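Given next are the chains, with one letter for each unit.
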Amino acid sequence: MKSLEELRALREKMKSQTDNRGVAGADETVIKVGMATCGIAAGARPVLDALLEEADKRHLHNVSISQTGCIGMCRLEPIVEIFKDGQKFTYVHMTAEKARKVMNDHVVNGNPCKEYLISEN
Amino acid sequence: MVHLKINNIPVEVKEGTTILEAAKIAGINIPTLCYLKEINEIGACRICVVEVKGARSLVAACVYPVNEGMEVFTNTEKVRKSRKTTLELLLSDHKKECLSCVRSTNCELQKLSNEYGCDENRFKGARTECEPDTSTSYLVRDNEKCILCRRCVAVCKKVQEVAVIAPARRGFNTHIACAFEADLNDAPCVACGQCVAVCPTGALHEREEIDNVRDAINNPEKVVIVAAAPAVRAAIGEEFGYPIGTNTEGKMFTAMRMLGFDKIFDVNFGADLTIMEESNELLDRVTNKGVLPMFTSCSPGWIRYVEYYYPELIPNLSSCKSPMQMTGATVKTYWAQKEGIDPKNIYFVGIMPCTAKKFEKTRADENASGYPDVDAVLTTRELAKMIKTSGIIFNQLPDSTFDNPLGEFTGAGVIFGATGGVMEAALRTAAEKLTGKPLDNVDFKAVRGTKGIKEAEYDLNGVKIKVAVASGLTNAKQLCEKIKKGECDYTFVEVMCCPGGCVNGGGQPIQSAYVRRNVDLRSKRAKALYDEDKKLKIRKSHENEAVMSLYKEFFGEPGSHKAHEILHTKYVDRKHK
Amino acid sequence: MFRSHILVCGGTGCTSGNSMKVYDALVDRVQKAGLENEVHVTKTGCFGLCAYGPIMIVYPEGAFYSQVKVEDVDEIFNEHIVKGRIVTRLLYKETVGEDGSIKALNDTNFYKKQHRVALRNCGVINPEKIEEYIAYDGYEALGKVLTEMTPQDVIDVILKSGLRGRGGAGFPTGRKWQFAKNSVGNKKYVCCNADEGDPGAFMDRSILEGDPHAVIEAMAIAAYAIGSDQGYIYVRAEYPIAVQRLTIAIKQAREYGLLGKNIFGTKFNFDLDIRLGAGAFVCGEETALMTSIEGHRGEPRPRPPFPAIKGLFGKPTILNNVETYANIPQIILKGADWFASMGTEKSRGTKVFALGGKIHNTGLVEIPMGTTMREIIYDIGGGCPNGKKFKAAQTGGPSGGCIPAHLIDTPIDYDNLIKIGSMMGSGGLIVMDEDNCMVDIAKFFLEFTVDESCGKCTACRIGTKRLYEMLCKVTDGTATMEDLDKMEELCYYIKENSLCGLGQTAPNPVLSTMHYFRDEYEAHVRDKRCPAGVCKKLLRYQIVADKCKGCTLCARNCPVGAITGTVKEPHVIDPNKCIKCGVCMEKCRFGAVIKA
């Protein structure tokens, strides 16, 4: 390592590995994927993988992604909850593709994908 | 320059001066125990504490450097009380045998305790308990009298660089010991006794042989011969209150006679004899391309040093026995034959400024007559003690002289006691042998003086002789390293184990650290010897008539087969044994 | 990005509680489930709540599991990691609300009042991965210093921050550096004192175990400031984990070129070596430490000359403690004002304390200077266990003094502690309750110094020994009132006359207990009684006849047959036979055995 720039580049790279280590702050977007038996059976894993991948790709450091248990609406699984700007959005019947779209439209650009929200279904 | 006030007395001293030194300039004495100028400056004993205005606690004057505007108080109630407590604490862990201790009346702890009016029993508690180390033939360590000033450790490490002793364990269990708590006899100690010379208490002293000598004197079958080394006469007077550097040779001879010795010979004679053999060996090595440089072999501490630390240089050592051993060997062969006495019945006592001599007499191959060349060695201190306990008032004694034939000596023999003396004596003889002409001036001043290492070069009838003289093993080590690496081309090297030579030997009268700090012991004692040399009519060893008749009647030539058998010896590699 | 981070404490406390087996098991489960890309298991440094170890924390939920056993791993993994259901049963109780809701760790009493600066990365990063340290701004301060600041700028920042040495004496760090910078020399050294030796103190160990790079980075910064190119970390060999992590950290820093030649492409060179101490307490004293690094017997030497002028190998040297260094990178990055905003006027920043003794939450805490003893002991530490009454706390280890209960509201900083007869020391804080005898406590600490004295100077070597013997007389009941005066006199003598800090502070535990608990000393001497019932020689076990039912249990259990009596009749203890082991008192079901 011969310059401060190199150090900073390494730090950026490392951030993605240590992001999520700590309790989410108030300004962070928290994404929770239902990963109880019902969720997993309905295909929650590819959804979670897609979310993590997108976050990595887009260097989203203020996003916390985690799994959560069953929220009692097993028929709507896979379910993804997003806590953003003080509001709670619940997306249902998610797939990997839908998840990528939600990451792009809602998490990054602030436009909730109404078509996937629970209220629409 | 730095300005300060000590007890309100303004003083101006150089930067870096300690409070202790500055106080002396102001006419104020600060007591010390662990302090040995330039050798042991560790501030450990806390006797020298003083108050410094603004300082958090008391400071040790021996190591504390002065600074501008400093105000020091050396005699406050707090200071006096502290020093007294320190002494009382030391006494609480001291084997209080003061009435019979070898150092009684010459003990720095005793003197201070007395001055401060200490209560020796104020603190009671556990005491260090250990058996004295009596493993060697030359000295005894009794740690129950040790105050852990570490002067012995410092002198061993810094002056002699052999460092065979060091503090072991810690806290209250601290004591001075050899590595792994081995006996001193199992350590590569050179036996110089410099530790004894600097010990403030009776924790270190020579292995006494007075009783053996008295037994021999009381034994009607024994002919007891005594001979003192050159340096003894320059210092024994100190034991009887004479100023340092007084030669009391005449009184010493009288006292020896009164003690009951049958013959008073002199190691000065042996010194002249040594020169005959050694200069012959040197010329032989020079002409026959022997191992050079040649080292002198008079100092048994130096011999042990080479044997332990530089065995590869053993071939450089002269094979000559030391003057003491030569004297003893000659007494028990030549003189015994001449007088018709069985050497078995001769008891030879060497009086030496040295503790290593007590070891030397036990060496193998030092028994020319079939009996030990030397039976007993007393230090200068032991002889003085014998004189004192025999009720002899030394100071009132008339002067007398040695007995013939083995007492006669020249100025060359006398100066053996000072560093450079052996070299000068050898040069006087070698020069005349090489040139065949008498010297105009017998003084070789370049090799005199107390400097650690001296070098000189002489052209003796076309033969270039480059010489070096070292005293103290730190200096000897430097020379040895240079010689090992081939960085010098000396012909002849004189080494004395003790700094300044035998006058400052480990068997000489003990002077306190205070005296050592303020008086140049080595020069003063050496001067007594050089003065005697100057006064003597004959100043070259080869002109010693007794020596000449000895060769005529007995040995033949220097270096003859007989001389080799009786006057020469061998050395052992102790490093790889 | 990982959806889940599992941080397992790898500090000495948790490690000895088998946390590494928990770690291994978790790694194994994650692997078997094929979740390596989602779940990251890390071992970290100390979390501080050692009393509840082994500790692990799962993010992003922040679930703080305490006293985790290997047997618990499956449940935590299957429930929490796989299904996202926190195992409330295993959570640290303080983090579970009455309604079962989970509180953030920082809202628990133990952490609420803490402010972690020196410990900021402990329990957060993997100390064996330099990349994680870098992710948390590591080496940014060094880069900033080397590329944007002059050595004097660095010293000015440290001076302005008001940082004082965390090793004990509290000397201003910036001034120390300035002396060394001004000192002329072709070679200078930067040393780190990691020879933490106070009984019960383990701040430095935890920092080295949890965040070794912070110390390395700080030493490089110090080296730049004073003009040095070589550093030494003197760490005790009894800290194997710290030594191992340091070794790894130094190796990694060298690999990244953060130690070595031309760091960050500048002309600055710096390298570091570890020197292991053999565990002598005195080697924490700066001159003794340097003598030891030089390869000699670890003994102090007189000062002046001070290390900044003539230190290691006779060259200008600075020596700072681990915790001091751990603050440096933060001060450089966040500025002197940020640091100075914490703490009190003369003691800025935070201080790490190791809580020990009679306290609920033993462990490591970092609090802003000026926090009161009450807050530390009650709010953070949870008070004395078993509802016992708090009696005193010892700060500064064997060099410090005790702080009695009535001074519990003293805000803690360097100067206040000195004022009340103790000292900051390195941060050991040992709590005593009503069952502790203060003479016995003084004896405990003094015995430690007697044992650890190097033996060089008379005052410490013999003085402390005699003082200890006098204390023994007190606890044996053979001392007189005059002895107490003599003891006090000897204490002041030792303080005034000792060569180094060890001796100069050794009598503090005696002086402070004599000052605050004189009555206890007098009870031992005058009444031959130990009020706390600790000093065995003064102890007498008695059976209260009224309470004794004559069940014979005590007599049957007495190892020396000192108790006699017939069944259903009150029993009697023969004081001549009794060895005061206390078994009878323990066994008695009726409280009939008492200490008299």
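Every value quoted in this text rests on a predicted model; they were computed, and no experiment measured them. (Residues numbered from 1 in each chain as written. Chains lettered and ligands numbered in written order. Predicted model: local features only at pLDDT ≥ 70, side-chain atom pairs only at ≥ 80, totals over all residues.)

Right, let's get into the pairing of strand S2 (residues 9-13) of chain B. Residue and element names in this part refer to chain B. Note that strand S1 (residues 2-6) and S2 share five bridges and pair antiparallel. Residue pairing in the sheet places histidine 3 in a bridge with glutamate 12 of S2. Where S1 folds back onto S2 in an antiparallel hairpin, the turn is made up of two residues, including asparagine 7, whose phi is positive at roughly 50°. (Pairing = 2+ DSSP bridges. Helix = DSSP H or I, 4+ residues; strand = E, 2+ residues; numbered from the N terminus.)

Contacts between the two partners involve 27 residues from chain B and, on the opposite side, 26 residues from chain C. Of all elements in the fold, only helix H2 (77-92) and strand S7 (166-168) of chain B reach the threshold of two or more residues within the side of chain B that touches chain C. Of all the elements, H2 of chain B adds the most residues to the side of chain B that touches chain C, at six residues. Split by residue class, the side of chain B that touches chain C holds 15 nonpolar, nine polar and three charged. (Contact = placed C-beta atoms within 7 Å. Nonpolar A, V, L, I, M, F, W, Y, C, P; charged D, E, K, R; others polar.)

Moving on to the domain arrangement of chain B. Domain parsing of chain B yields domain 1 (2-30 + 48-72), domain 2 (91-206) and domain 3 (219-567). The gap between the C-alpha centroids of domain 1 of chain B and domain 2 of chain B is 30 Å. (Domains from an automatic or database assignment.)

This brings us to the environment of alanine 61 of chain B. Residues and elements named next belong to chain B. In this structure, alanine 61 sits in the loop between strand S4 (59-60) and strand S5 (70-73). You can call alanine 61 buried: it has 28 C-beta atoms within 10 Å. Each C-alpha atom of the pair alanine 61 and tyrosine 138 lies 36 Å from the other, and the pair is 77 residues apart in sequence. Sequence-distant contacts of alanine 61, defined by excluding residues within four places in its chain, comprise Thr18, Ile19, Leu20, Ala23, Ile30, Cys48 and Val50. (Buried ≥ 20, exposed ≤ 12 C-beta atoms within 10 Å, placed from the backbone.)

Contacts between the two partners involve 28 residues from chain C and, on the opposite side, 30 residues from chain A. Going through the elements one at a time, strand S1 (4-9), helix H5 (130-135) and helix H6 (140-148) of chain C are the ones with two or more residues in the side of chain C that touches chain A. Sorting elements by how many residues they give to the side of chain C that touches chain A places H5 of chain C first, with four residues. Looking at the side of chain C that touches chain A residue by residue, the classes come out as 12 nonpolar, eight polar and eight charged.

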